[in-house]
Amino acid sequence: MNETPESGRRDREPSRRTVLMAGGATAVAVGLGGALAVDASADDDTAADLCYTLTSETVEGPYYIDADKIRRDVTEDQDGIPLTLTLKVIDAETCKPLKDAAVDIWHCNAVGVYSGYEASGSGGGGGGGPAPTGAPTGAPTGTPTGAPPSGGPGGPGGPGGHQEPTDDSRYLRGTWRTDRHGYVTFRTVFPGWYQGRCVHIHVKVHVDGAWTDAGYEGGHTCHTGQLFFAEQAVLLTEDVAPYSTNTTTRTTLDEDTLYPGNGHAGGLLYLTYDRRHIARGVRAHLTLGVAPDETHDGS
């Protein structure tokens, strides 16, 4: 996916936006099959003309692979709890849905490994880099010379850096286009966890490009973010295989250093699942309010 600098960027004043923030309460309905947990006090997709604040931007992380797979079902052969993820992309200023935008998602598998980087083992380093081993000993000596490591905080393995793929695996990655109502739906599995990060999914939104037989070309990235999961749901996955085999200490949502802490505007997903049988599957959805004339590539 080739990107070109954005053109015609216009100034956006927050005061011009109508802000609607759904609360974080959890509604629980008891049905024949058990208890259905619905993590939403209001549905953010009930009216097409609702306006939202801009969805928070975050770092890309080191394990992004550019538009490698144009598909909605990214599961491949990965075991895990089925997850249906529906995103609606709107212009946060005009509230209009963005048609034909390209949406990327990527995340680790149930035991914390990213495809394309299996040689790195379980993720870490803020966005998916290999976790450091051992601890430094003694006092630092000498004076640092040369330029600092590239890739932002933490160097190449840190939240802002990028690492080149180590293999050809591409499970749990995909790109698809939004429909005329701004919706895109992916089929995947509930992500696992790795050292230093809470459970999350990475997401990018690309606009002003063209869909061709080869995929999506041109345009620019107007949003780079991450999607997060409520602790109630993540706790239930710990008893389900293969998540139960993941021995890495899990970072909670409140402990995570990249979660903005602002609820749905920060990427916290609305979730629906049977709390007694979460292994049957989870449905997640969220509206992403973006600034289509701006560029946010996560760097």
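The text that follows walks through the structure, step by step, so that each part is easy to find. (Residues numbered from 1 in each chain as written. Predicted model: local features only at pLDDT ≥ 70, side-chain atom pairs only at ≥ 80, totals over all residues. Heavy atoms only, no water.)

When helices and strands are tallied, the protein chain shows one helix and 10 strands. Looking at the 299 residues of the protein chain, the share that counts as buried comes to 51%. Accessible surface, the protein chain: about 13800 Å² in total, of which carbon and sulfur atoms supply 51%. (Helix = DSSP H or I, 4+ residues; strand = E, 2+ residues; numbered from the N terminus. Buried < 20%, exposed > 50% of the residue type's maximum accessible area, 1.4 Å probe, protein only. Areas by Shrake-Rupley, 256 points an atom, 1.4 Å probe, with all protein chains shown as cover.)

Read across the sheet, four strands follow the order β5-β4-β7-β8 without closing on themselves; strand pairing throughout is antiparallel. Edge positions in the sheet fall to β5 (173-177) and β8 (215-228), since each of these pairs with one other strand and no more. Looking at each pair of strands side by side, their axes are set apart by 20° on average, direction ignored. In the sheet, strand β4 (residues 102-106) pairs with β5 via five bridges, with the strands oriented antiparallel. If you follow V103 over to β5, its bridge partner there is W176. (Pairing = 2+ DSSP bridges. Axes fitted to C-alpha atoms, helices over the stretch in contact; angles between N-to-C directions.)

The next subject is the pairing of strand β7 (residues 200-212). As defined by bridge partners, β4 adjoins β7 across five bridges and the pair is classed as antiparallel. Bridge pairing in β7 links I105 to V203. Between the antiparallel neighbours β7 and β8 lie two residues.

Counted under the stated rule, the structure contains eight salt bridges. Between E76 and R71 there is a salt bridge, with its nearest N and O atoms 2.9 Å apart. R71 gets classed as buried once you look at its relative accessible area, which sits at 15%. Here R177 makes a salt bridge to D100, at a shortest N to O gap of 3.1 Å. Here R177, found in strand β5, pairs with D100, found in the loop between β3 (82-91) and β4; they are 77 residues apart in sequence, far enough to count as distant. (Salt bridge = Lys/Arg side-chain N within 4 Å of Asp/Glu carboxyl O.)

Further remarks concern the packing of aromatic side chains. Under the criterion given, the structure shown has seven aromatic pairs. Ring plane angle 15° and centroid distance 3.9 Å describe the contact between Y63 and Y117, whose orientation is recorded as stacked. Note that Y63 is positioned in the loop between β2 (34-38) and β3 and Y117 in the loop between β4 and β5, a separation of 54 residues in sequence. Exposure class is identical for Y63 and Y117. Each is buried. The ring of Y64 is capped by K204, whose NZ or CZ atom sits 5.0 Å from the centre of that ring. (Phe/Tyr/Trp six-rings, centres within 6.5 Å; stacked < 30°, edge-to-face > 60°. Lys NZ or Arg CZ within 6 Å of the ring centre and 35° of its normal.)

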